[in-house]
Amino acid sequence: MLSSVFSLAACALLGVLLAQSWLPVGAGLLGGAMMLGAAAWLRAHWQRQPAAPDLAERSVMLSSGCTLVCLGFFLAKLYLIGPELDIHARGTRAMGSQLWILIGLSALAQWIARAPETVRDERDAAISSAALMSTVWVLLAMQVALVWWFSFVKDGNMAAMSAGMLVHLFIASWMLAHVLYDLTCLRAYASARQLAG
Amino acid sequence: MSKESPIGNHLRRLRFENGEMSQEALARAVGITRQTVIALESLRYAPSLELAMRIADVFGQPVDGVFFWRAAQ
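Quick caveat: nothing in here was measured; it's all calculated off a predicted structure.

Below, the discussion takes up the confidence of the model for chain B. Residues and elements named next belong to chain B. A residue-level look at chain B finds 95% of positions with pLDDT of 70 or above and a mean pLDDT of 89. Mean pLDDT across the secondary structure elements of chain B bottoms out at helix H3 (residues 34-41), with 90, and peaks at helix H4 (residues 49-59), with 95. The ipTM value of the predicted complex is 0.84, and its pTM value is 0.82.

Below, the structure is given as structure tokens:
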């Protein structure tokens, strides 16, 4: 369990590091190459293990790791760009293109590490729907908090942010909700495994 | 998902009586994962009616020969 927490934290940290401007190559390509390498390694690792996690758990593990890389990159970039984000500025366009490259390569990484020979059953669906239900409530709470923060707390908050930044903050909340969904599923799988001994 | 299910079962005994069938073999026979078989045996998951019928079919038993309502015991 602890190793999973460290792995996920490392994914988020990798995303933050990818947002730094001193990188010699594009963040999308570098981060994507790392995700593809990790996916290939994981696939080989799981094939060697007789008690490897099932397909649904694997896909949630990969999805959470990849989304955390993208989210770490996205939030760090937003922080670096600042509240006056201009959609048409060069830096914002570069962030958008790098993020799309990251998302595309993360989808490829998840496809590489998939295990088509295993099945997804009704218990996986039950775990997924329970996680989805709690995620919807958390997402709703986040959106209400954002709207409240923009609108009612200190008059300056809304005015200090560009429309582009407001939109990007909402996008960040959706990405965060996706991570929360994955983490809730992973927690359910981990506790089931623990109970089974 | 972690509360004990009110639906009990004889899966472990039936597997043993059917040539010591492994959890993996049962999982494959009914199209579920081994983790789900483990969850069923440890009463951490209540199966759908369809899954209960498919499992009973594998052992050639009626559904109530495999699953039972625990409050009744």
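For the rest of this paragraph, the subject is unusual backbone geometry. All names here are of chain B. Of note in this structure, Glu-20 is not a glycine but carries a positive phi near 50°. Tracing the sequence through the fold places Glu-20 in the loop between helix H1 (11-17) and helix H2 (23-30). Positioned with a positive phi, Leu-43 is a non-glycine residue whose angle comes to about 60°. Relative to the assigned elements, Leu-43 resides in the loop between H3 and H4. Look at Leu-43 and you get buried, because its relative accessible area is 15%.

With that settled, the discussion passes to the side chain of Arg-15 of chain B. Here Arg-15 of chain B lies in helix H1. Not counting the four nearest positions on each side in its chain, Arg-15 of chain B is found in contact with Glu-20, Met-21, Ser-22, Gln-23, Leu-26, Glu-41 and Phe-59 of chain B.

Below, the discussion takes up the nonpolar core. One finds Leu-18, Val-69, Phe-73, Phe-74, Leu-102 and Cys-185 of chain A to be the most contacted residues of the largest nonpolar core, which totals 45 residues. Breaking this core down by element, the ones donating at least two residues are helix H1 (2-18), helix H2 (27-48), helix H3 (55-81), helix H4 (90-112), helix H5 (122-151) and helix H7 (163-196) of chain A. Top contributing element to this core by residue count: H3 of chain A, with twelve residues. In this view, Cys-185 of chain A contacts Val-60, Ile-127, Ser-128 and Ala-131 of chain A; residues no more than four positions away in its chain are not counted. Counting 18 residues, the second largest nonpolar core, distinct from the first, contains Met-21, Ala-39, Tyr-45 and Ala-56 of chain B.

Okay, the interface of chain B and chain A next. By a widespread convention, an interface's size corresponds to the accessible area lost as its parts come together. With 15 residues of chain B at the interface, the matching set in chain A holds eleven residues. Interface of chain B and chain A: buried area, both sides summed, is about 1,200 Å²; carbon and sulfur atoms make up 61% of it. Counting the contacts that link chain B with chain A gives zero salt bridges. On the surface where chain B and chain A come into contact, there are five residue pairs in polar contact (both at pLDDT 80 or more). Sort the elements by how many residues they give to the side of chain B that touches chain A and H3 of chain B lands first, with five residues.

Cut-offs and rules
Residues numbered from 1 in each chain as written. Chains lettered and ligands numbered in written order. Predicted model: local features only at pLDDT ≥ 70, side-chain atom pairs only at ≥ 80, totals over all residues. Heavy atoms only, no water. pLDDT = per-residue confidence, 0-100. Helix = DSSP H or I, 4+ residues; strand = E, 2+ residues; numbered from the N terminus. Buried < 20%, exposed > 50% of the residue type's maximum accessible area, 1.4 Å probe, protein only. Contact = heavy atoms within 4.5 Å. Core = buried A, V, L, I, M, F, W, Y, C linked by side-chain atoms within 4.5 Å. Buried area = accessible area lost by both parts, 1.4 Å probe. Salt bridge = Lys/Arg side-chain N within 4 Å of Asp/Glu carboxyl O. Polar contact = N/O pair within 3.5 Å; in protein donor to acceptor, adjacent residues only side chain to side chain.

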